[in-house]
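One letter stands for each residue in the lines below.
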Amino acid sequence: MSDYIPVLELAALAPDSSALVTVQGCEVLLCHSGGEVFAVGGRCTHQQEPLVGGRIRRGHISCPLHGARFNLRTGEPVGQLTRIPLSTYQVQVESGMIGVKLD
Ligand code: FES
């Protein structure tokens, strides 16, 4: 896990849930969907509100405030509320620990 910074145990991230972590001063949202863990920016690109706790379904997260939806793999938004994608980060799970790599 050389370049990857360990951030959270996989067991602490239930399927279809999210957790906000801070990695080197950067807010990163971990999302567990479809057996995979994704890491994206922690704030919605519509009005910069927190995405944590948003509904996760089929590889997408919906913003709790106005419902903008984002693809967790690409960060791309779906719909008209925003056209700005979320930042995405590389994730590695090793020995039950989630690691995130910042660019
Ligand atoms: S702040 Fe997220 S959809 Fe408006």
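Shown above is the structure to which this text applies.
Let me begin by describing the structure that accompanies this report.

Rules used throughout
- Residues numbered from 1 in each chain as written.
- Predicted model: local features only at pLDDT ≥ 70, side-chain atom pairs only at ≥ 80, totals over all residues.
- Heavy atoms only, no water.
- Patch = residues over 30% accessible without salt bridge, like charges linked within 9 Å, V, L, I, M, F, W, Y side chains within 5 Å.
- Areas by Shrake-Rupley, 256 points an atom, 1.4 Å probe, with all protein chains shown as cover.
- Salt bridge = Lys/Arg side-chain N within 4 Å of Asp/Glu carboxyl O.
- Lys, Arg positive; Asp, Glu negative; His and termini not counted.
- Charge placed at Lys NZ, Arg CZ, Asp CG, Glu CD.
- Helix = DSSP H or I, 4+ residues; strand = E, 2+ residues; numbered from the N terminus.
- Buried < 20%, exposed > 50% of the residue type's maximum accessible area, 1.4 Å probe, protein only.
- Pairing = 2+ DSSP bridges.
- Axes fitted to C-alpha atoms, helices over the stretch in contact; angles between N-to-C directions.
- Core = buried A, V, L, I, M, F, W, Y, C linked by side-chain atoms within 4.5 Å.
- Contact = heavy atoms within 4.5 Å.

Attention shifts here to a positive patch on the surface. On the surface, a cluster of positive charge is contributed by Arg-55, Arg-57, Arg-58 and Arg-69. Within the secondary structure, Arg-58 sits in the loop between strand E5 (56-57) and strand E6 (60-62). Looking at Arg-58, the relative accessible area reads 70%, which means it is exposed.

This paragraph deals with the pattern of salt bridges. Taken as a whole and judged by the stated rule, the model has 3 salt bridges. Between Lys-101 and Asp-3 there is a salt bridge, with the nearest N and O atoms lying 3.8 Å from each other. One end of the pair, Lys-101, is in strand E10 (residues 97-101); the other, Asp-3, is in the segment before strand E1 (5-9), with 98 residues separating them in the sequence. Of the residues examined, Asp-3 reaches a relative accessible area of 49% and is grouped as partly exposed.

In space, the 6 strands of this open sheet follow the order E1-E10-E9-E4-E3-E2, with antiparallel pairing throughout. The open sheet has two edge strands, E1 and strand E2 (18-23), and neither has a second partner. Recorded for the sheet is a direction-independent mean angle of 30° between the axes of neighbouring strands. As judged from the 5 bridges shared by strand E9 (residues 88-94) and E10, these two strands associate in the antiparallel manner. Each residue of the ladder has a partner; that of Val-93, found in E10, is Ile-98.

The subject of this paragraph is the pairing of strand E4 (residues 36-41). Of all 6 residues making up E4, 5 are buried, and the element is well covered by its neighbours. Two successive antiparallel strands, strand E3 (residues 26-33) and E4, enclose a turn made up of 2 residues, where Gly-34 displays a positive phi of approximately 60°. Bridge analysis of E4 against E9 gives 2 bridges, and the strand direction is antiparallel. Note that in E9 the partner of Val-40 across the bridge is Thr-88.

A word on the nonpolar core. Nonpolar side chains in soluble globular proteins tend to be buried together. Residues Leu-29, Cys-31, Cys-44, Leu-51, Ile-61, Phe-70 and Leu-72 are the most contacted members of the largest nonpolar core, which totals 13 residues. Breaking this core down by element, the ones donating at least two residues are E3 and E4. Discounting chain neighbours no more than four positions away, the residues touching Leu-72 are Cys-31, Ser-33, Phe-38, Val-40, Ile-56, Gly-59, His-60, Ile-61 and Thr-88. Membership of the second largest hydrophobic core comes to 11 residues, among which are Val-21, Val-23, Ile-98 and Val-100.

In short, shape yes, function no, at least from these values alone.
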